[in-house]
Every structure is written in structure tokens, then in C-alpha cells.
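# Descriptive analysis of the structure
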Amino acid sequence: MLERVISFDPAAYSLETIQRAAYRYIDKFSIGFNVKEASIDCILQFDKEVDDLDGVIQDFRKEVLDQHLRARIAKETESIRHLILAHAFSRTGLV
Amino acid sequence: MLKLGGKVIRIEVAGGATEVPKGDRTLVVISTNPRLPRSLRERSAYLVRAGVTEIPSGFGHYLQIGEAAKIDFGELENWQRVTSLSDDFSYLEDGDIIRLNSARGEIRVLYRKSSPHNTIMVTEQCQHYCLMCSQPPKEVDDSWLLDEANELIRIMPRGTGELGFSGGEPTLFGERFLETLRLTKALHPGTSIHILSNGRLFADRRFAADYAQIRHPDMMVGIPIYSDDPATHDYVVQAKGAFDETLRGILNLKEFGQKVECKRPAVPPGSREVSVL
Amino acid sequence: MSKFLPPESFAATGAYDLLPFNFTRLEGDSYLATNMVGESLIVDRSTLDDLVNKRLAPSHPSYTDARAKHLIAEKGDKASAELLALKTRTRYQRLQNFTNLHMFVTTLRCDHSCQYCQVSRQSEDKGAFDMTLEMADKSLDMVFRSPSKAVKIEFQGGEPLLNFDLIRYIVSKAKVRAAAEGRDLEIVIATTLSLATTEILEYCRDNHILLSVSLDGPSDLHNKNRPRPGKDSYQRFVANLQAAREIVGYDRVSALMTTTLASLPRVREIVDEYVGLGFEGIFLRALSPYGFAVKTRVYAAYDTEQWLKFYKDGLQYIIELNQAGIPFREYYTTLILQKMFTCADPGFVDLMNPAGIGIAAVVFNYDGSVYASDESRMLAEMKDQTFRLGSVLENTYEEIFLNEKLLSTLEESFTLSAPMCSECAFEPFCGADPVFSHAVYGDVVGRKPASDFCKRNMAIFRHLIQLMREDREVEALFRRWSALC
Ligand code: SF4
Ligand code: SF4
């Protein structure tokens, strides 16, 4: 089994953000975390079929950045999102 | 004036067969599209204009205008044909439909895609013998014309705006003519229909009712009335009792909620003018 | 002094709030960002970063776009939220029409024995595989309990024409009830047409019945896929198609295609066959993974990648046809484009969210049982009764439609909450397919990264967007497709 460890700065990225990003790679690697004060270490164990490890890791890093942005949007727009949904479904009685 | 019918220069069958099948009347849809999908080629005639050198393969029929274009017979299969036409027919376009009579070496243009008013003549027979008729009726069994009309309707391009039926008197075929109208409605639901008729058959309530039963959303009968004086009208159409029957026909059509358009064509000199009906 | 103020007085201020939106990386540095109703924008990574971190200058070209597409709102743009709510409501309008497609399996008997068929029986035994009058009556009672104003009944089989008497019975009763209750009624028969007679077709014409017929491709392919005694399925099809068009009406007959392993290398021929027979479009469908298809390993015989290649090649050919002056459409693409370009949901079961099951469609089976979708009954043929909602003979309407399994499935698979879907920029174009997920992965949500459903749809979305970005003409063509319904 191929294993790699990559690290993120906990000041910049939350564990949840990294976990969310990792979900998309379910079919490529499994992941374990080692959360320390100065870094979050991710232990990636790759499935056998994956050959371009570096490519996947690079993609994964981009995905973490993306998740970070998503979290920001989600946090900022949570209330308006609920407002919109409540308004939209107000007469259907289903939600 | 476009030349709609006439002789072809030559019809040849590929594969060296010199004998052209006799009595062979075929309708073909003209294509000028070299990229037509294969599945449509066999049924279409590719129009080769003078000067064209690239000729797409696989069409059932090739039409060449004049002698300029030369088709290499070596490349063609047995069932493919080549017809040479004179320059008079260089106006033909993609989607037009022609009838080729190989036994007689004749061509007739039946449908023009770019024309908003295509009319099919379904018979040359009529109960009238109008003084000024441009194509005096003939008493021959020409029901093949109605069969051909059906054939034309089957291959006519979808999206045709309007289609006319004329004669002679198209309703003389009775139920068979109604079948043709039903066919048109089924295959071309968006096409309006215009029928040029003397209206006499509609005096038969059953027939008028069956006609109404087609429930076409946009179908109209155009009926010429030459005078409000029955005697004058009957004289013009050379048929006694015609006026009365036509009027009853119109009343029946109206009663069944059908669209009727009464036309008042110019009458020959000496007859009384039409006043308000 | 002029009464008019200069344009600067109305210029964007640059002080903005974010509205809810998702983004997904396309290729390289480009990102697709879409809001809840599918209004979208393509931006590069740094612009996206600036946009989210509120550093995007009003002079940046994407600023105006983002504001127009409701990804951001300037302070004071009070209408944006309301507009989004309105559009969201339109998007989910279908929900108010709770179950409007009712499928009746009038018989399982069939004159064909298609290799991929999940359900049909080669049997003369009417008693065992035909729906009874009692079941038909009870099913109709359920149909007319639906609150929907538009009622759609579709006859399925087997070959429904083998039990045409029951069709007549149901149609006449349904018509009377629909008229009495002032509802619109639409009736469809799904058939191979092999047993269509003039009498049947005239009945369809007189009762305004639509025909949904099966055509798999050129003669040899069709006959191979659809064996029947006499090996003449294709020949019968062609003859009866013409008869059906002449009697019932050209536009009242539509065709469906099933993709088998043998179809894969032949998509151009298949499209040509449809063009040659005068169809104006084709539905390039992937074979569903249910029933015999799974059992006989026909489904596994090709994977998503192979199907995608088939689809892309077919779409390419269809675009070429259009460029050659032959108008022709691909319907799956059209459905997606409708979701991309308009806020109406075309209501196609596979691309619906909440999932179409039980909401968009319900199946009354030949034996009285009720299923949440056509796929659910196929699953049941494989002894998996998960989506069996009950029986018309034993259960009440409430027991069937407020079925715990149905409601929880709808809720769990709702894409706005499913992991990954909830943050996917393609979500407004996509759907939930819990029966598929259940059949293949054993749970209704499905692990999207590994799911063929997600893989297939995402690949299509990316492909369509890329085609449009590469070629303006294709974009114009796609816009025309989406505008025609
Ligand atoms: S025609 Fe339909 S029901 Fe009959 S065997 Fe084929 S797929 Fe099954
Ligand atoms: S199924 Fe895949 S493509 Fe569709 S919304 Fe979910 S994540 Fe996006």
C-alpha cells in the first residue's frame, strides 16, 4: 500500500474543511489525521489503481483551498439561504 | 414563367442497363445537400448543377442540368439513376418534389419548397364545364392522381405552411378524398389546407358531416359563385341545378362550423354581375 | 442645470454581500459558479478568490456578471433575495403537482424476448400476468386521489397491446372521471408497435392517445436486441410506424432507444436510422442497472466510460447534422440545457430533485402492487422489495403515499443536503436517483465520488459547457434546443 503524509496549517484551514475535501477522493485514497498544534498531518493511503500520486495530491491541495472558500460562502450566506428556501417553499407545505 | 413540366433529355440507369423500366412513375425529393445523412440519400435525387465536379455518393437518383456536369457511371450501383434536364429546370431547389415518368421521358414539378402556396391537382374530372375554364375537364379514370397526391403528402417536407387541393372537382372522389385530407392532417398537423371546390357534393349532409368530423383546426373550402342569379351561374358552369346544390353545400358546411370562402370570379362578358350575396 | 445625472451616479459601489452559490473546477484554472437556481458564471481562480473575499473591484468585468447572475448583491439590492426565492419556487413547482404520471402495467406478457428486459413473460397465461378489472378500478381510485390537475396515465408492459381490452376499460373510465373533475388527462401507451392493428390505432386517434415506441437502431441491431418469433421486429416496426403516423398523427408518436453493448460502436448509424425514419431527435439513454440487466450482466458489459464515449460521439454527429442543415436534437442534452438556460424543471425523472420517485411517477403493477418508480418495480422483479409502497387491494391511499420508506428516501437523497451535491456547481442541473444508488451501492444517497450516476452526469455537464465555450455556434444551437419544448 502506498502512503503519503501531507500537512496543512491549522491557522488557515479547519479540520472540517480538509475532511470535506477528502470526501471527494473516497475512490482514490483513505485518509487519517494527526492534529497537532502547528500542523494538521494527513496520512493518505492510496488504492492500488492510482498511479499518478503527485497529480492526485496536487488536486487534493487545490480542493482544500476550494473547500476553504466554500466554507466562507456558506458561513456568510447561511441566513439568506434559509430565507430564500423558506420563502420558496412557504406554500407547498412540503418542507 | 417557370416551366413546370416537359420532356427530360435522357434517363439512364446505372450498371450498363440500357432498358429503362416502362410505365414507371416515381416521385422524388430533390436534394442539393452533399452532407445529407446516408439514410436519406437512397430516397432522394441529388441535383447536379452545371460546373459541379464533386458529386456525393449513395443517392438513389441524380439529376443533372444540361450536359455540362458529367456523372461517372462506373461509380454508381445498379439501382441508381441519372436524369438529364434542360436549363429550364435549373430553378429547382432543395426540398422540391418532382414526378418522373421514365416511360414517357417526362418530368413534372409537383411541389416547390419555397412556395407558400403549393396546390395539388387531384383530378381532372368535374361536373361543371365552365365557359372560361383553363383546363377543361376530362372524363377519364385518373384516380392515380389521388394516389400520387397521397404519395406526395407522405414525402412532403415537414413544416409546409399551406397546401391546396384543386381539380377538376376534388370532392368527386368522396370518402377517398376525405382520407387524403385526414392523411394530410395526421402527417402535417401544422399545415393549413385550402380546397378549391364547386361545393356541390357538400349538399349531401352525410358527406358534409364526415368532412367536418376531420376536425382540422385550419381547413377551408373556397367556392366560386359566379352570380346571385341561379340561371346565370348555371349557364357559366354549364350545369343545370348547380347553383342550388352549391348553396345547399355551403349552408351545410356553415352549419357544421366549417370555414368557407365564397369567391366571386370575373364572369364572361354577357352574364349578369354578382351582387351582394 | 440638467435634471439628468451622469452614469457615474449609478455606478456599482463595490460594497457587496455574497449570495449563496456553489463552484466547481472545470479544467485548468477555470471555475463554474452557479447559484441556487442555476444562473452561472465562469471565472478564473484568482477572480473567484477576490469575489469570495470581497475584493473584486466594480470595474472588473466579472463584477457586473456576478451581480446580474445573483451571485452577489450590492448593499441596497433588496430585490435579489426575493427574486431568487421566486425562481427557486418555480424550480420546485413540480412538487405541487404531486404524482402526475401514473404507470399501469396491464400485462407482463410480451411477444418479444429482449435480452436486456427485466420483466416480460413469454406466456399465454392471462390469469397469471394480466392486471384484473378490480385492480384497475382500485388503481384508478388512487390516480384520482392525486391532487394534481394534470393526470397522465402511461400503459406499460410487457406488451400492453396484448391486454388492449383492459386499456379500453381504463381509458373510458379515466376519461369520464377526468371530465367530471375538470382535470386534464394525457394517455400514453409504451409499445413496440409489433401488434398494432388499424383498429387499435384508430382507437388511439379517437381517444387522443400518444404512442411511445421502441427503436434500437438499424435493422440488424434492432432485431438482435429485440428477438421475437419470425425475427421481424424491425420490419413490423417500420410498417406500423408509418401506419401509426398516418392514423394517430405524426407528432403523436415518439421513439425510445435502449443502448446495449452491440450499440456502442454504432451510434452514428443509430442516429442515421432515426433521421431516416423522420424522427426529429433521439434519446441516447444508458441502460438502467436493474433487473435482468444486472442479472444477465448486460449492464456490466459496458461501463460509464464506454457509454460516455457513445454519448459524446453521438452528440458530435448530431451537431454535425445540424451544421449540415438537418435539424435534429438529442433529448437528454436538451433536458439538461433546459435546466441550464431556463428556471423551469422539465420534470424528467432521472434529473429531478427531490428524486422523481413516488412524486413524479408511480407504478401500478399487474398484480396490484404499487411501486415508487418504474425502476423500483424492476428491482422488485429481482426480489428486492425496498420500493414497494403497498398494494391497491390491501392498502389505503394514505398508507401508500405517506409510506415511511418513500418519504425518508426523498428526504435523504435531496441534493441540497446530500454530501458533495450540496456543494456542487452542477447541482441545479442534476438530480437525485436514490433507486439507482440503492440498486448499485445499497444506500439511497450514494457515495457520489464513486457513483456512476454522478460520474455520468458530471462528465456530461462538463462536456456540454466545454462544447459551448469552444464554439459559439454550438452554444447558439444549444440555446435553440433549450427554447423548444
Ligand atoms: S418488448 Fe419490452 S417488455 Fe417485451 S421483452 Fe422487450 S423490453 Fe421486455
Ligand atoms: S450527483 Fe454529482 S454532479 Fe450531480 S449534483 Fe451530485 S455531485 Fe454534482
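Residues numbered from 1 in each chain as written. Chains lettered and ligands numbered in written order. Predicted model: local features only at pLDDT ≥ 70, side-chain atom pairs only at ≥ 80, totals over all residues. Heavy atoms only, no water.

### With respect to the interface of chain B and chain C
As a measure of interface size, the accessible area lost when the parts come together is often cited. Counting residues at the interface gives 14 residues for chain B and 18 residues for chain C. Of the roughly 1200 Å² buried between chain B and chain C on both sides combined, carbon and sulfur atoms contribute 52%. Ranking the residues of chain B by area buried against chain C places Arg 35, Pro 37 and Arg 158 of chain B at the top, with a combined share of 38%. Summed over the shared surface of chain B and chain C, the number is 3 salt bridges. Between Arg 158 of chain B and Glu 280 of chain C there is a salt bridge, with its nearest N and O atoms 3.3 Å apart. Scanning the region where chain B abuts chain C turns up 8 residue pairs in polar contact (both at pLDDT 80 or more). Of all the secondary-structure elements, those providing two or more residues to the side of chain B that touches chain C are helix H1 (38–41) and helix H3 (175–187) of chain B. Its residues assigned to classes, the side of chain B that touches chain C comprises 7 nonpolar, 2 polar and 5 charged. (Contact = heavy atoms within 4.5 Å. Buried area = accessible area lost by both parts, 1.4 Å probe. Salt bridge = Lys/Arg side-chain N within 4 Å of Asp/Glu carboxyl O. Polar contact = N/O pair within 3.5 Å; in protein donor to acceptor, adjacent residues only side chain to side chain. Helix = DSSP H or I, 4+ residues; strand = E, 2+ residues; numbered from the N terminus. Nonpolar A, V, L, I, M, F, W, Y, C, P; charged D, E, K, R; others polar.)

### Topic: the domain arrangement of chain B
Residue and element names in this part refer to chain B. When cut into domains, chain B gives domain 1 (5–109) and domain 2 (118–263). Summing the contributions of domain 1 and of domain 2, the shared interface buries around 610 Å²; its carbon and sulfur component is 71%. Here domain 1 is connected to domain 2 by 1 salt bridge. Between Glu 148 and Arg 99 there is a salt bridge, with its nearest N and O atoms 2.7 Å apart. Across the domain 1-domain 2 interface, the total number found is 1 residue pair in polar contact (both at pLDDT 80 or more). Elements that contribute at least two residues to the side of domain 1 that touches domain 2 include exactly strand E3 (25–31) and strand E7 (97–101). (Domains from an automatic or database assignment.)

### Points about the sheet that holds strand E4 (residues 40–44) of chain C
Residues and elements named next belong to chain C. The 3 strands lie next to each other as E2-E3-E4, forming an open sheet whose pairing is antiparallel. Looking along the sheet, the strands with just one partner apiece sit at the ends: strand E2 (21–25) and E4. The mean inter-strand angle of the sheet, taken between neighbouring strand axes irrespective of direction, is 25°. The sheet contact formed by strand E3 (residues 30–35) and E4 spans 5 bridges and is antiparallel. Its bridge partner being in E4, Leu 32 is matched across the sheet by Ile 42. (Pairing = 2+ DSSP bridges. Axes fitted to C-alpha atoms, helices over the stretch in contact; angles between N-to-C directions.)

### What to know about the packing of aromatic side chains
Throughout the structure, instances matching the rule amount to 25 aromatic pairs over all chains. On the numbers, 5.4 Å between centres and 80° between planes, the contact of Phe 164 of chain C with Tyr 203 of chain C is edge-to-face. With Phe 164 of chain C in helix H6 (residues 164–181) and Tyr 203 of chain C in helix H7 (residues 198–206), the pair connects residues that are 39 residues apart, well separated along the chain. Judged by its relative accessible area of 7%, Phe 164 of chain C is buried. Overall, the relative accessible area of 14% leaves Tyr 203 of chain C in the buried class. Seen from the ring of Phe 8 of chain A, Arg 61 of chain A lies directly overhead, with NZ or CZ sitting 5.2 Å from the centre. Positioned above the aromatic ring of Trp 307 of chain C is the side chain of Arg 456 of chain C, whose terminal nitrogen or guanidinium carbon lies 5.8 Å from the ring centre. (Phe/Tyr/Trp six-rings, centres within 6.5 Å; stacked < 30°, edge-to-face > 60°. Buried < 20%, exposed > 50% of the residue type's maximum accessible area, 1.4 Å probe, protein only. Lys NZ or Arg CZ within 6 Å of the ring centre and 35° of its normal.)

### Notes on the packing of helix H12 (residues 304–323) of chain C against helix H19 (residues 472–483) of chain C
Residues and elements named next belong to chain C. Their axes nearest at 11 Å, the elements H12 and H19 cross at an angle of 95°. Taken together, H12 and H19 sit at an angle that is classed as roughly perpendicular. For the pair H12 and H19, contact is made by Leu 315, Ile 318, Ile 319, Asn 322 and Gln 323 and by Glu 473, Val 474, Leu 477, Phe 478 and Trp 481, respectively. Classifying every residue of the contact of H12 with H19 by side-chain character gives 7 nonpolar, 2 polar and 1 charged. (Parallel < 35°, antiparallel > 145°, perpendicular 65-115°, else oblique.)

### Quick look at the domain arrangement of chain C
Residues and elements named next belong to chain C. Each assigned domain of chain C is listed here: domain 1 (14–91), domain 2 (94–401) and domain 3 (408–470). The interface of domain 1 with domain 3 comprises 15 residues on the first partner and 11 residues on the second. Carbon and sulfur atoms supply 54% of the area that domain 1 and domain 3 bury against each other, a total of about 1100 Å² over both sides. On the domain 1 side of the contact with domain 3, Asn 22, Thr 24 and Arg 91 bury the most area, a combined 38% of that side's loss. In this assembly, domain 1 and domain 3 are joined by 7 residue pairs in polar contact (both at pLDDT 80 or more). Of all elements in the fold, only E2 and E3 reach the threshold of two or more residues within the side of domain 1 that touches domain 3. A per-class count over the side of domain 1 that touches domain 3 returns 6 nonpolar, 6 polar and 3 charged.

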